[in-house]
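Understanding the architecture of this molecule
Here is how the chains run, residue by residue.
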Amino acid sequence: MRIYFENYPYRSDLIEPYLGKMKILYFGKDQSTRYTDRIGYIFISDKNYSGPIFILPKSFLIKENDKKLNVLGMPGVYPENVIDTEDPDNPLEINGQGSFLPELGLWLFRALDRFRMEHEGESKGEEAELDSQLPEDGARDKDFLSVSIQLMDFLKEHRSLFTQISLINHSGRDKIDWAKTVKGQPYIEDGKPWYLEPAIKEKTIDIDDTLLRLYYSVLQYLRDKYRFPIQLGEVPYELMPVTEIQRLLDTGIGSKEMKRIRHHYFRDDLKILWGLLNSFFTYNTTDTEIKKEYLLVRNFQIVFEGMIDTLISDDRGVTELKKQKDGKLVDHIFRYKSLIGSHAEIYYIGDSKYYSDTNRPEGVALYKQFTYAKNAIQYHIDKIYLPGKSEGTLHYRDKYTEGYNITPNFFIRSRVTKEDTSFDKPSIVMTYWDEAKHLEYPKTNKHFEDRIFDRDTLILREFSINLLFIIAAYAGYEEEYWKSDLHRTIRELFIKSIDKEYEFFILTPQSEDINKFHYLYYEWINGKAYTLESSSKNRPEHLLLAFERTDTGKKDKETFLSQKLREYTTGKELLYDLRPITLAELNKI
């Protein structure tokens, strides 16, 4: 197997013999290097090389001390040194991570193949510059990687079956055949017969064993030759070495052997297994014919957007919001629990970025993201609030305080680190926006200071997520399993960050209702108050007050607390209870 990385400049002699005929190589800064701007999978069979080639995203290369790019930022592990996965001097093989890049290649192929099936021929596929030459869907067991993946998946799905067949086939073996033994001449001692040469039941080779032994040998071949991540478990057979499987492929004997045993299987699962092995040996036989399969994309940003969208977006009443009136498409949108309380819902709006951390969204990208949030608010006002329709659980404008719920708005980008090489952990974290400017979060878009519940106060955050997880979860069609967990994590990170920027209080009037209280105190809590869910169906009982943790917010809080208002008809002082709380604590109530 050969492993390359997108946009990395290799010496010509390291890449030209393998990818030169694909016409996807370009000169580097000088004439001695070549690079490719594609990502994906290629299988080539010619006189120079026969086997799979993976071109992995550039995100998996990280600079070591801001100098040279390393694989996952591992010191001394350079892209040139990991090209050949069979090389015993491959540094990943030496440090016990030899199967990592092949496993990543397999997940990447699965992900790109899903993207191809879902978007080939559509505008999204064209935008990604998707290019493929693979067998048609009805013959997908005729290319090397597809059949290899199916063989690996078959083991996961039928492991208990193999144990059962082995136990059945081996039961009774090596036992004494007493019918034949007693026909022999016994040795008599103390009147008792002793049979010194008992007849043993013959060890016949079961035809199931032939198929299973071959199957496990092929899996061992894929594991040892291509470093595919295969756990064989306990194998009750003596397996053929890698060189023997290669000989069966090179000579075509493997294909002939499969034809010989073709009609010996009656179980459906063993028929399926025979078909997979037959494809493996028939269509991967080495011969003089030059073979070429490939699945490549040029714009991985579009694929990344598609993967993120599948994993976090939903379609509950968001069609019109996703397709904006100006023709723009919102990358990601989903409906989930509001940041205030746990019963109301709100739209979460996201934009995904595949590029590296050093490239911060700015200018138009920031403007568009704030515009999407404004449009979501206006959509709700126009379609639901003003026509007087039932809001259900979707809450934006507070009719008592005229405040607006917080609209969660975010960027989400890929993250790769040497500390996290897991394919099954999202590892979503809040990213530090700009260390040079000491900005932990993107600057909030607002017209007024210290008014979090103002319609024009738009909060934006940025998260990063494990790219290995994104590729594997999308490839494995696991969106329904992960979607609610990803939504919950994004919400929790939002709440944690807002608690750091704002100080919250629950205000409960002692005698007046919320509407009248807010009317009298409007000047001091405009844009700072939002009613909380109440046990009373007629009116809310509590206000949530928020003051920004800034000099302005501190001053506003002191001004509000110093007010002593009285009811204008009776002269009675308006008393209230006030207790501090965080959004995190509020959501536990």
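Rules used throughout
Residue indices begin from 1 for each chain and proceed along its sequence in written order. Per-residue local features are limited, in this predicted model, to residues with pLDDT of at least 70; the limit for side-chain atom pairs, both in listing and counting, is 80 or more; totals at the level of whole chains, interfaces and linings are taken over all residues. For side-chain calculations, the full set of non-hydrogen atoms in the structure is used, while hydrogens and water are omitted. By definition, any uninterrupted DSSP run of H or I lasting at least four residues is a helix, any uninterrupted run of E lasting at least two residues is a strand, and each is numbered from the N terminus. Whether two residues are in contact is decided by their heavy atoms, any of which lying within 4.5 Å being enough. Any two of the Phe, Tyr and Trp rings considered here, Trp counted by its six-membered ring, make a pair once their centres fall within 6.5 Å; the pair's planes then place it as stacked at under 30 degrees, edge-to-face at over 60, or tilted in between. Only when the NZ atom of a Lys or the CZ atom of an Arg is both within 6 Å of the ring centre and within 35 degrees of the ring normal do we say a charge sits over the ring. At least two DSSP bridges between two strands are required for those strands to pair. For the exposure calls, accessible area comes from a 1.4 Å probe over protein chains only, and a residue counts as buried if that area is under 20% of its type's maximum, exposed if over 50%, partly exposed in between. We call two N or O atoms a polar contact when they sit within 3.5 Å, provided that within protein one can donate a hydrogen and the other can accept it, with sequence-adjacent residues counted only if both atoms are side-chain atoms. Note: the arc covers the axis-to-C-beta directions of the helix. By convention a nonpolar core is built from buried Ala, Val, Leu, Ile, Met, Phe, Trp, Tyr and Cys residues, the set being connected through side-chain atoms within 4.5 Å. Any carboxyl oxygen of Asp or Glu within 4 Å of a side-chain nitrogen of Lys or Arg constitutes a salt bridge here. By this rule, a helix spans an expected 1.5 Å times one less than how many residues it contains. Here an axis means a line fitted to C-alpha atoms, over the contact stretch when the element is a helix, while the angle between two N-to-C directions is reported on a 0 to 180 degree scale. Orientation labels follow simple angle bins: below 35 degrees gives roughly parallel, above 145 gives roughly antiparallel, 65 to 115 gives roughly perpendicular, and whatever is left gives oblique. The sense of a crossing depends on the near helix, which, turned anticlockwise from the far helix by less than a right angle, makes the crossing left-handed and, turned clockwise, makes it right-handed. Side-chain classes are defined by residue name, with Ala, Val, Leu, Ile, Met, Phe, Trp, Tyr, Cys and Pro counting as nonpolar, Asp, Glu, Lys and Arg as charged, and the others, Gly among them, as polar.

Tallying secondary structure elements over the chain gives 18 helices and 21 strands in all. Long-range contacts, defined here as pairs at least 24 residues apart, represent 68% of the contacts in the chain between residues at least 6 apart.

A separate point is the packing of aromatic side chains. Taken as a whole and assessed by the stated rule, the structure comprises 34 aromatic pairs. Taking 5.7 Å as the distance between ring centres and 40 degrees as the angle between the ring planes, the aromatic pair formed by tyrosine 26 and tyrosine 35 counts as tilted. Geometrically, the ring pair formed by phenylalanine 300 and tyrosine 354 is edge-to-face, given 5.0 Å between the ring centres and 70 degrees between the ring planes. With phenylalanine 300 in helix H11 (residues 300-312) and tyrosine 354 in the loop between strand E14 (345-353) and helix H13 (364-385), this residue pair connects regions lying 54 residues apart in the sequence. Through successive ring pairs, a cluster of aromatic residues spans Phe43, Phe144, Tyr221, Tyr226, Phe228, Phe280 and Phe281. Taking the ring centre of tyrosine 78 as reference, the NZ or CZ of lysine 68 above it sits at 4.5 Å. Over the ring of tryptophan 107 we find arginine 110, and its NZ or CZ is 5.3 Å from the ring centre.

This paragraph deals with the sheet that holds strand E13 (residues 332-337). Spatially, E13-E14-E15-E17-E16 is the arrangement adopted by the five strands of the open sheet, whose pairing is mixed. The strands lining the two open edges of the sheet, one partner per strand, are E13 and strand E16 (429-430).

Turning next to the side chain of arginine 413. Topologically, arginine 413 is positioned in strand E15 (residues 409-415). A residue is classified by how much of its surface remains accessible, and arginine 413, at 1% relative accessible area, is buried. At 2.9 Å, the side chain of arginine 413 and the side chain of glutamate 462 are in polar contact.

Further remarks concern the pairing of strand E5 (residues 39-45). Counting buried residues in E5 gives seven out of seven residues, a clear majority hidden from the surface. Neither face of E5 is left uncovered, since the one carrying Ile39, Tyr41, Phe43 and Ser45 and the one carrying Gly40, Ile42 and Ile44 both have all their residues buried. In this sheet, strand E6 (residues 50-56) lies alongside E5 in antiparallel orientation, the contact comprising six bridges. Within E6, the position partnered with serine 45 by the bridge is serine 50. The antiparallel pairing of E5 with E6 creates a hairpin that spans four residues between the two strands.

A separate point is the sheet that holds strand E3 (residues 25-27). Spatially, three strands are ordered E2-E4-E3 in an open sheet, and the strand pairing comes out antiparallel. This sheet does not close on itself; its edge strands, each paired only once, are strand E2 (10-11) and E3. The pairing of E3 with strand E4 (residues 33-36) spans three bridges and is classified as antiparallel. Each residue of the ladder has a partner; that of tyrosine 26, found in E4, is tyrosine 35.

With that settled, the discussion passes to helix H8 (residues 242-251). If you check which residues of H8 are buried, you get Ile245, Gln246, Leu248 and Leu249. Projected down its long axis, H8 carries its buried residues within an arc of 155 degrees, all on one side.

Right, let's talk about the nonpolar core for a bit. Membership of the largest hydrophobic core comes to 157 residues, with the highest contact counts inside it found for Phe5 and Phe280. With residues up to four places along the chain from it excluded, the contact list for phenylalanine 280 reads Phe144, Val147, Ser148, Leu151, Val218, Tyr221, Leu222, Ile245 and Leu249.

Before going further, it helps to examine unusual backbone geometry. Unusually for a residue other than glycine, glutamate 129 sits at a positive phi of about 55 degrees. Note that glutamate 129 resides in the loop between helix H4 (123-127) and strand E9 (131-133). Note on glutamate 129: relative accessible area 40%, which makes it partly exposed. Positive phi, close to 60 degrees, is recorded for glutamate 402, a residue that is not glycine. Checked against the element boundaries, glutamate 402 lands in the loop between H13 and E15.

A separate point is the pattern of salt bridges. All chains considered together, the criterion is met by 29 salt bridges. One salt bridge connects arginine 247 with glutamate 244, and the closest N-O pair in it is separated by 2.7 Å. In this pair, arginine 247 and glutamate 244 are both assigned in helix H8, three residues apart and thus about one turn of the helix distant. With a relative accessible area of 22%, glutamate 244 lands in the partly exposed category. It is possible to trace a salt-bridge network through shared partners that takes in Asp37, Arg38, Glu129 and Arg298.

We now examine H13. Helix length check: H13 (22 residues) gives 30 Å between terminal C-alpha atoms against 32 Å at 1.5 Å per residue, within 8%. Taken as a whole, H13 has its buried residues at Ala365, Gln369, Phe370, Thr371, Tyr372, Ala373, Ala376, Ile377, Tyr379, His380, Ile381 and Ile384. On the buried face of H13, the contacting elements are helix H12 (319-322), E14, E15 and strand E17 (460-466).

So, about the packing of helix H3 (residues 100-119) against helix H14 (residues 467-475). Where H3 meets H14, the closest approach of the two axes is 8 Å, and the angle between their N-to-C directions is 50 degrees. The angle between the axes of H3 and H14 places the two elements in the oblique class. Considering how the two elements wind past one another, H3 and H14 form a crossing that is left-handed. Residues Phe100, Leu104, Trp107, Leu108, Arg110, Ala111, Arg114, Phe115 and Glu118 of H3 pack against Leu468, Ile471, Ala472, Tyr474 and Ala475 of H14. Its residues placed into classes, the contact of H3 with H14 shows eleven nonpolar, no polar and three charged.

The next point concerns the environment of aspartate 309. Topologically, aspartate 309 is positioned in helix H11. Classification of aspartate 309 as buried rests on a relative accessible area of 17%. Counting along the chain gives 170 residues from aspartate 309 to glutamate 479, while the straight-line C-alpha distance between them is 9.7 Å. Filtering out sequence-adjacent residues up to four positions away, aspartate 309 remains in contact with Lys322, Asp331 and His332.

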